[in-house]
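Commentary on secondary and tertiary structure
This is what each chain is made of:
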Amino acid sequence: MEHLPVKTTLRIALVGDYNPNVIAHQAIPLAIDDAAAVLDLTADYDWLATTELTSPEDLVGYDAIWLVPASPYKNTEAAFIAARYARENSIPFLGTCGGFQHALIEYARNVLGWADAAHAETDTEGTMVIAPLTCSLVEKTDAIELRKNTLIAKAYGKPEIEEGYHCNYGVSPAFAQALESGDMHVTGWDDQGEIRAAELVTHPFFVITLFQHERAALEGRPVVLVQAMLRAARG
């Protein structure tokens, strides 16, 4: 079997509507730069506004895709395009916060057959895959237990982590049950058993989290999931 050469320069698509006031958006470039330095490679990233992303062809040539926080997105369809393109083409993918939520809706619609899968923040009709949280997680930090032998557990190297959030929506109970049936496995829970992370087991690297692990970069801490994504993209 022929091995592909290891890449030294990576192109990363950051799909979302950049806002300098969003804490996660301040952290993401730092997280990428730090991870690239650790891995001794060059990582160039483009912010792709959701209004500019109208077709999967807009993502051709990127080595990794990150569906970033701060939803509702101006063009929700762009979020679904990004998640589906990464999922179907084995492109390393991270989804955080809103990225987590929309990647799950895309998976529900196009893999599990929930054609009317919806988000309670923006939709009034449909089957709510993403529903309001019982307790808001805006600017909260919480403990998360990780499933053993998963991409996320290997990246962190420990069974329990603590990370910060900025969200009011999470996985609905009905969809949490449906997730047990497919290739999208739940890989992180809070103390109450609520879903906080998931990954696609049939994909080289498709990891999504409700928490915003990228914020660690603002405190000068390594962002291990970004390192793991770049490692996967490098080959």
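Structure: see above.
Residues numbered from 1 in each chain as written. Predicted model: local features only at pLDDT ≥ 70, side-chain atom pairs only at ≥ 80, totals over all residues. Heavy atoms only, no water.

This part covers the environment of Tyr85. Following the sequence through the fold, Tyr85 ends up in helix α2 (residues 76–88). Here the alpha-carbon distance between Tyr85 and Leu133, two residues 48 residues apart in the chain, equals 28 Å. Residues in contact with Tyr85, not counting those within four places in the same chain, are Pro56, Leu59, Val60, Ile65 and Ile91. (Helix = DSSP H or I, 4+ residues; strand = E, 2+ residues; numbered from the N terminus. Contact = heavy atoms within 4.5 Å.)

This next bit is on the sheet that holds strand β10 (residues 184–189). Each strand in a sheet pairs with its neighbour through backbone hydrogen bonds, running either in the same direction (parallel) or in the opposite one (antiparallel). Spatially, the nine strands line up as an open sheet ordered β2-β1-β3-β4-β12-β11-β10-β7-β8, and their pairing is mixed. One side of each edge strand has no neighbouring strand; the edge strands of this open sheet are β2 (42–48) and β8 (160–164). If you compare each strand with its neighbour and ignore which way they point, the axes differ by 25° on average. Direction of pairing for strand β1 (residues 9–15) relative to β2: parallel, over a ladder of seven bridges. Residue pairing in the sheet places Leu14 in a bridge with Trp47 of β2. Each of β1, β2 and β3 (64–67) is contacted by helix α1 (residues 23–39), which is oriented at about 160° to β2, the strand it contacts most. (Pairing = 2+ DSSP bridges. Axes fitted to C-alpha atoms, helices over the stretch in contact; angles between N-to-C directions.)

Glancing now at the packing of α2 against helix α3 (residues 98–110). Running from amino to carboxyl end, α2 crosses α3 at an angle of 70°, the nearest separation of the two axes being 9 Å. If you check the angle between α2 and α3, you find them roughly perpendicular. Of the residues in α3, those touching α2 at Thr76, Ala79, Phe80, Ala83, Arg84 and Arg87 are His102, Ala103, Ile105, Glu106, Tyr107, Arg109 and Asn110. For the contact of α2 with α3, the per-class residue count stands at six nonpolar, three polar and four charged. (Parallel < 35°, antiparallel > 145°, perpendicular 65-115°, else oblique. Nonpolar A, V, L, I, M, F, W, Y, C, P; charged D, E, K, R; others polar.)

Turning next to the environment of Ala217. Position of Ala217 among the secondary structure elements: in the loop between β12 (206–209) and α6 (224–234). Separated by 63 residues in the primary sequence, Ala217 and Lys154 have C-alpha atoms spaced 19 Å apart.

With that out of the way, let us pick up the side chain of Thr96. Looking at the element boundaries, Thr96 is found in strand β4 (residues 93–96). Residue Thr96 is classed as buried on the basis of its relative accessible area, which comes to 0%. What Thr96 contacts, discounting residues up to four positions off in sequence, is Trp66, Leu67, Val68, Pro69, Thr209, Phe211, His213 and Glu214. (Buried < 20%, exposed > 50% of the residue type's maximum accessible area, 1.4 Å probe, protein only.)

The subject of this paragraph is the layout of surface pockets. When its volume is computed, the largest pocket comes out at roughly 350 Å³. Taken together, 21 residues make up the lining of the largest pocket; nearest its centre are Leu133, Thr134, Val171, Glu194 and Arg196. By residue class, the composition of the lining of the largest pocket is eleven nonpolar, five polar and five charged. (1 Å grid on protein atoms, 1.4 Å probe; cavity = no way out; pocket = protein on both sides within 12 Å on 5 of 7 lines; lining within 4 Å. Points joined across faces, edges and corners; volume = space filled by probe spheres on them.)

The subject of this paragraph is α3. Between its first and last C-alpha atoms α3 spans 18 Å; for 13 residues at 1.5 Å apiece the expected length is 18 Å, and the two agree. Most of α3 sits out of view: eleven of its 13 residues are buried. Of all the positions in α3, only Gly98, Gly99, Phe100, Gln101, His102, Ala103, Leu104, Ile105, Glu106, Tyr107 and Ala108 are classed as buried. (Expected span 1.5 Å × (residues − 1).)

The next point concerns the packing of α1 against α6. The N-to-C vectors of α1 and α6 enclose an angle of 55°; their axes lie 9 Å apart at closest approach. Comparing the axis directions of α1 and α6 gives the class oblique. Here α1 runs over α6; the crossing is right-handed. Only Val226, Gln227, Leu230, Arg231 and Arg234 of α6 make contact with α1, whose side of the interface consists of Ala31, Ile32, Asp34, Ala35, Ala36, Val38 and Leu39. Partitioned by chemical class, the residues of the contact of α1 with α6 number eight nonpolar, one polar and three charged. (Left-handed = near helix turned anticlockwise from the far one by under 90°.)

So yeah, pure geometry; function would need other evidence.
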